[in-house]
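Structural overview for review
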Amino acid sequence: MRTRTIWTAAGAALAVLAAAGLVTNAFLGGDRTAAAPGTPPASGPASAAPAVPHVDAAAVAKLPEAQYSAVIAGLMPFDRTVRSDTVFHLTADAPLFGAHRDEPVARLAARDFMRQPTTVVGLERDGDWELVLTPARQQLPSAAGTTGAAAQTAAWVPVRALRKAATPRSRIVISTTDQTVSVVSAAGATLQRFDAGVGTADTPTPTNVTGYLEQRYVDPTQGTGDHPIQLTSLHSGVADEPYGGHDGGLIGLHWNATTSGSVSHGCVRLDAEAVAAVNSLPLGTLVTVQ
């Protein structure tokens, strides 16, 4: 499906963004246990957690922002599937640290591109640190070669920068084989299941990875009508910009008249009922693709 700008969505918040010149093409296309036992954690050694370095606000402001179209080499690739998370907001812009946790590599802004409080998904507590998923890339597919680029990234953030928010009670599971999207309870029961269109062989929906619902908005210019576009933190692992523009190859769930088959640039196409079901879930809901 051809896409337009995500900044033309209805609402005052997007109008402010457009006025500021923030224009980009769209993406379309608790146990905290890993779903794959034995997979090495994304964290560093199992020894005591390192102390959190002091980073003042001025230094944080100079760090690159880990937002949806950013590519930041110091982030950690995240290629696991997980079943539970803890959702946070930020007390202020916060530094992000890589595996060694000695120097900050990026920052999370306290407010996201919609000028709403940034949704932060935490997966693991280690002393004064929380391992979180980020909305940025670690590497572009064009630089990764035949191995492909990670569809999701993670980083460590100081716990003191986080303020706990409501934690989702369910998660989304996408099956590219069955071409379905399911809403699954914390206990593992399938609450709802819908047909879905997924990526083609050349631009597949990334699999065996978990991201999260990052944000949502309405933009009729993208051919999705009045149905909210559900933006995830996942990215294409095989193409820098499979949909054109400068959106970072984002993966989203959105309405389309065709809701079956391998038909997209990596996004997941849903009917109106399915979009409404996903839209009822809070931001921070985990999205696992199988």
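So, a few notes on the structure that sits alongside this text. Predicted, not measured: the structure shown is a model, and the values here were computed from it.

Of the regular secondary structure elements, the protein chain holds four helices and 18 strands. Looking at the 290 residues of the protein chain, the share that counts as buried comes to 54%. Entry remark: accessible area of the protein chain is about 12,100 Å², with carbon and sulfur atoms responsible for 52%.

It is worth spelling out the environment of Ala272 at this point. Take Ala272: it is sitting in helix α4 (residues 272-279). Ala272 sits in the partly exposed class, given a relative accessible area of 36%. When the C-alpha positions of Ala272 and Ala257 are compared, they lie 9.1 Å apart, and in sequence the two are 15 residues distant. If we skip the residues at most four places from it in the chain, Ala272 touches His227 and Trp255.

The tally for this structure, following the rule as stated, stands at three salt bridges. Two residues, Asp126 and Arg101, come together in a salt bridge whose shortest N-O distance is 3.0 Å. Here Arg101 lies in the loop between β3 (94-97) and β4 (104-108) and Asp126 lies in strand β5 (residues 120-126), a separation of 25 residues in the sequence. A relative accessible area of 4% means that Arg101 is categorised as buried. Among the salt bridges present, the one from Glu130 reaches Arg125, with a minimum N-O distance of 2.5 Å. Using a relative accessible area of 0% as the deciding quantity, one classes Glu130 as buried. Looking at Arg125, the relative accessible area reads 43%, which means it is partly exposed.

All right, on to α4 then. Of all the positions in α4, only Ala274, Val275, Ala277 and Val278 are classed as buried. Here the buried residues of α4 occupy an arc of 160 degrees about the axis, which is enough to place them on one side. The residue sitting at the N-terminus of α4 and contributing the capping side-chain oxygen is Asp271; that oxygen lies 3.3 Å from the backbone nitrogen of Glu273.

Residues Ile172, Ile174, Val181, Leu213, Leu253, Val268 and Leu270 are the most contacted members of the largest nonpolar core, which totals 23 residues. When residues of this core are traced back to their parent elements, those giving at least two are β9 (170-175), β10 (180-185), β13 (209-217), β15 (250-255), β17 (268-270), α4 and β18 (286-289). Among the elements that make up this core, the one with the highest residue count is α4 (four residues). Core analysis: the second largest hydrophobic core is formed by 18 residues, Leu96, Leu108, Val132 and Val157 among them.

On to the sheet that holds β18, then. Strand order in the open sheet made by the eight strands is β11-β10-β9-β18-β13-β14-β15-β17, with mixed pairing throughout. Where the open sheet ends on each side, the last strands, each with one partner, are β11 (190-195) and β17. Recorded for the sheet is a direction-independent mean angle of 25 degrees between the axes of neighbouring strands. One ladder, built from four bridges, connects β13 with β18; its direction is antiparallel. Residue pairing in the sheet places Thr210 in a bridge with Thr288 of β18.

With that settled, the discussion passes to the environment of Thr258. Looking at the element boundaries, Thr258 is found in the loop between β15 and β16 (262-264). We classify Thr258 as partly exposed; its relative accessible area is 36%. Other than its neighbours up to four places away in sequence, Thr258 contacts Val263 and Arg269.

What follows covers the pairing of β11. Pairing of β10 with β11 involves five bridges; the strand directions are antiparallel. Following the sheet pairing, Val181 is matched in β11 by Phe194.

Under the criterion given, the structure shown has two aromatic pairs. Each ring, one from Tyr68 and one from Phe113, has its centre 5.3 Å from the other, and the planes form 65 degrees; the classification is edge-to-face. One end of the pair, Tyr68, is in the loop between α2 (57-61) and β1 (76-77); the other, Phe113, is in the loop between β4 and β5, with 45 residues separating them in the sequence. Summarising the aromatic geometry, the rings of Phe97 and Trp129 are spaced 5.0 Å apart at their centres and angled 80 degrees between planes, so their arrangement reads as edge-to-face. Here Phe97 is found in strand β3, whereas its partner Trp129 is found in strand β6 (residues 129-134), with 32 residues between them in sequence. Its guanidinium or amino end placed over the ring of Trp156, Arg101 lies 4.0 Å from that ring's centre, counting from NZ or CZ.

What counts and what doesn't
Residues numbered from 1 in each chain as written. Predicted model: local features only at pLDDT ≥ 70, side-chain atom pairs only at ≥ 80, totals over all residues. Heavy atoms only, no water. Helix = DSSP H or I, 4+ residues; strand = E, 2+ residues; numbered from the N terminus. Buried < 20%, exposed > 50% of the residue type's maximum accessible area, 1.4 Å probe, protein only. Areas by Shrake-Rupley, 256 points an atom, 1.4 Å probe, with all protein chains shown as cover. Contact = heavy atoms within 4.5 Å. Salt bridge = Lys/Arg side-chain N within 4 Å of Asp/Glu carboxyl O. Arc of directions from axis to C-beta. Polar contact = N/O pair within 3.5 Å; in protein donor to acceptor, adjacent residues only side chain to side chain. Core = buried A, V, L, I, M, F, W, Y, C linked by side-chain atoms within 4.5 Å. Pairing = 2+ DSSP bridges. Axes fitted to C-alpha atoms, helices over the stretch in contact; angles between N-to-C directions. Phe/Tyr/Trp six-rings, centres within 6.5 Å; stacked < 30°, edge-to-face > 60°. Lys NZ or Arg CZ within 6 Å of the ring centre and 35° of its normal.

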